[in-house]
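Coordinate inspection notes
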Amino acid sequence: MPEESGSPYKYSCRKCPIRNRCIEYSDSAPTIKAQIRNAFANKTDTIDLWAHLQSNCLLVKADEEAKKGSTESLLSQRLRRARENRTGELPPPAPPPTPKKPTFSPPPPPKPLTPFIKASQPDDNLPNDIRDPDQVTRHEIASARASGQRFWLTVQPNGRHITLPIDGSLVLGRYDPHFGIPPDVDLTFEDAAYDSVSRRHARITGKGGIHFIEEMGGRAGIVINGKKLGLGATHRLYEGDIITLGHISLRYSLIPGWIFRLGSKAVTHVFTVAATGETIVVPPGERIIGRSDRFINYQADIDLSHLGAISQKVSRRRALLSQPMGLSRLYIEDMGSGFGTKINGELIMMGKAYPLTPGDHIWLGGCVLAYDVQI
Amino acid sequence: MTKKQETDGEIIVFPDDGKEMVFQSGGTFIMGSDNDAENAKPEHRVTIDSFYIDRWPVTNAEYKRFIDATGHPVPNYDVAWCDTSGYNWDIETRMYPAGKAEHPVVLVTWEDALAYAQWANKRLPTEAEWEYAARGLNGRRYPWGDKFQLNHCNTVEARLNGTSAVGTFSPQGDTPEGVVDLVGNVWEWTNSLFRPYPYFADDGREDMTSGHWRVLRGASWVNDAITANAIARLDGDFLFYNNVGFRCAIDAGE
């Protein structure tokens, strides 16, 4: 098996018969494995990338075994035979991990005709005397703020959490790369099969921890507990309310207290790319989120470069994740390059580390990442 | 209406709503583009039958005749997500905003456009018909040719910051057959559901009972020269806007 000239390694990963299995069983973090697979699929793999696998190269180990004169293990036999039978062609590249919508396909079967509730049915609408944000008394807002209660939305199909800010507003919708920036909460992935959530569908505003939802002209409208919200109207949310945007249902509820009392429990920190549903596990320690760039041989610890159009606006060193010693809380810091980082719709200051709560949505200019923990 | 010898570019006055309509002879044309937005890929050929299309979008004055005859509600909204000032009609007098008689009517939903079309015994153009009227048989990018030119349509470059009276950019912005204001001024509702290309008229995307998103064509006073062309498609995932209007079409011949 010819290796690349100048390569410090005896065997070439690119042409190795067990490359895929080697990647799968290696000790590297899932993000590194994904990087390797993607780079190979795009033909952008480098020697440095393969170094992750080379440290444990099975072929080299098999050679050592043979040199020692020990009886050839089953694995070594298999490797040897694979090497001998090689035709010299590259094995097919690994399939891309993220699901992509085909740009050309035979005419799709008609989408299910959903019974969108038309605005011309006034009896089904919520009554007009909804308490709007201006009518809620300052006393009520102050006592809500004092109680420290936090609310989040749970996306019904997959249980994803969307933490709501105490003060400030979030726009929920879908991301259209052709027209504008992603909304603060991106429901593209959950809505992929239905195409029912509009680019700007709803706005949720927090006042001291009390939340109001505002209609933003989405064609499917907003339905709360089965009743349609009037055009441009605002409605206060209560624990247990089910908000439906087109085909996506969200449940408004209190965040359970134990989420804030994780202390030093061992948890897995996970980011979900809102637009595609892909999950990224965050390895412990200081990690940089960004976009790897093969031209300058830079690799971010959490690499968003494979998201294509979505990640074009994410700079190379975009945000820094860290954990204070002994604690499970994950902190994020904006590294100053890019459009600014927003957590749940609010821009954070550069140079300061902010703690993340499960359900927080991090807006990075080009894409939205949803943060969650697994116990 | 007596049936005369129909030739391309022939202009008739449709009796039901008094609007001029332009004849487009059927044929096979190039729809979409491989070099533009993702939703316009791939380029493909579509064959359509002859039809007539409104010479200009439905104006406020023409829409008023419709609401007077049918009692349809006037477009008047107070919402946070759309600046309706200057476009809201008066609810009491049921009149359009002053000075905008010849401007295309806006703040209309797809259902409003459909109601007008049904009152006038017409229909909305399909996406293919709209693009055919704008691009012609040789795939030009703009109604007037292949290159964007200033003073040919109402986009941000025209700096009008709003809708303009139809015909403001005629005859230089018209198609060779004489269709006015296809690109720029207002996005126009079509009959078609927003689905990926290639376009097939009979795959269910012309179904009029679905509440799903409809295709908007032609860009508006809000868009720039890059977005404003005959190929651009916008998914209408909202109810109405201050830069969205419509025009109608009818089948031609027997």
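The structure displayed is predicted, hence computed values, not measured ones.

On to the pairing of strand S12 (residues 268-273) of chain A, then. Residue and element names in this part refer to chain A. Taken together, the six bridges between S12 and strand S22 (residues 368-374) define a ladder with antiparallel strand orientation. Across the sheet, the residue bridging to Phe271 is Tyr371, located in S22. Across four bridges, the pairing between S12 and strand S13 (residues 279-282) is antiparallel. When the bridges of S13 are listed, Thr272 appears paired with Thr279. Taking the residues that link successive antiparallel strands as the turn, the S12-S13 hairpin has five residues, and the phi of Gly277 there is positive, at about 85°.

To continue, consider helix H2 (residues 110-119) of chain B. Residues and elements named next belong to chain B. Where H2 is concerned, the buried positions are Trp110, Asp112, Ala113, Tyr116 and Ala117. Down the axis, H2 shows its buried residues gathered within 160° of arc, on one side only. In this fold, the buried residues of H2 make contact with helix H1 (60-70), strand S6 (187-193), strand S7 (214-217), strand S8 (233-236) and strand S9 (244-246). Positive phi shows up at Asn121, right after H2, with a value of about 60°.

Attention now moves to the sheet that holds strand S10 (residues 242-245) of chain A. Residues and elements named next belong to chain A. Across the sheet, six strands lie side by side as S2-S1-S11-S10-S7-S8; this open sheet has antiparallel pairing. Of all strands in the sheet, those bounded by a partner on one side alone are strand S2 (161-163) and strand S8 (227-228). Both strand S7 (residues 222-224) and S10 contribute to a ladder of three bridges, which runs antiparallel. Residue Val223 lies in a different strand from S10, and its bridge partner there is Thr244.

As a further point, take the pairing of strand S5 (residues 202-207) of chain A. Residue and element names in this part refer to chain A. Taken across its six residues, S5 has five buried, putting it largely inside the fold. Bridge analysis of strand S3 (residues 168-173) against S5 gives five bridges, and the strand direction is antiparallel. By the bridge assignment for S5, Leu170 is matched with Ile204. Of the pairings in the sheet, the one linking S5 to strand S6 (residues 210-215) comprises six bridges and is antiparallel in character. Directly across from Thr205, in S6, lies its bridge partner Phe212. Here S5 folds back onto S6 in antiparallel fashion, the turn holding two residues, of which Gly208 has a positive phi close to 60°.

Scoring rules and cut-offs
- Residues numbered from 1 in each chain as written.
- Chains lettered and ligands numbered in written order.
- Predicted model: local features only at pLDDT ≥ 70, side-chain atom pairs only at ≥ 80, totals over all residues.
- Pairing = 2+ DSSP bridges.
- Helix = DSSP H or I, 4+ residues; strand = E, 2+ residues; numbered from the N terminus.
- Buried ≥ 20, exposed ≤ 12 C-beta atoms within 10 Å, placed from the backbone.
- Arc of directions from axis to C-beta.
- Contact = placed C-beta atoms within 7 Å.

Keep in mind that these numbers describe shape and distance, not what the molecule does.
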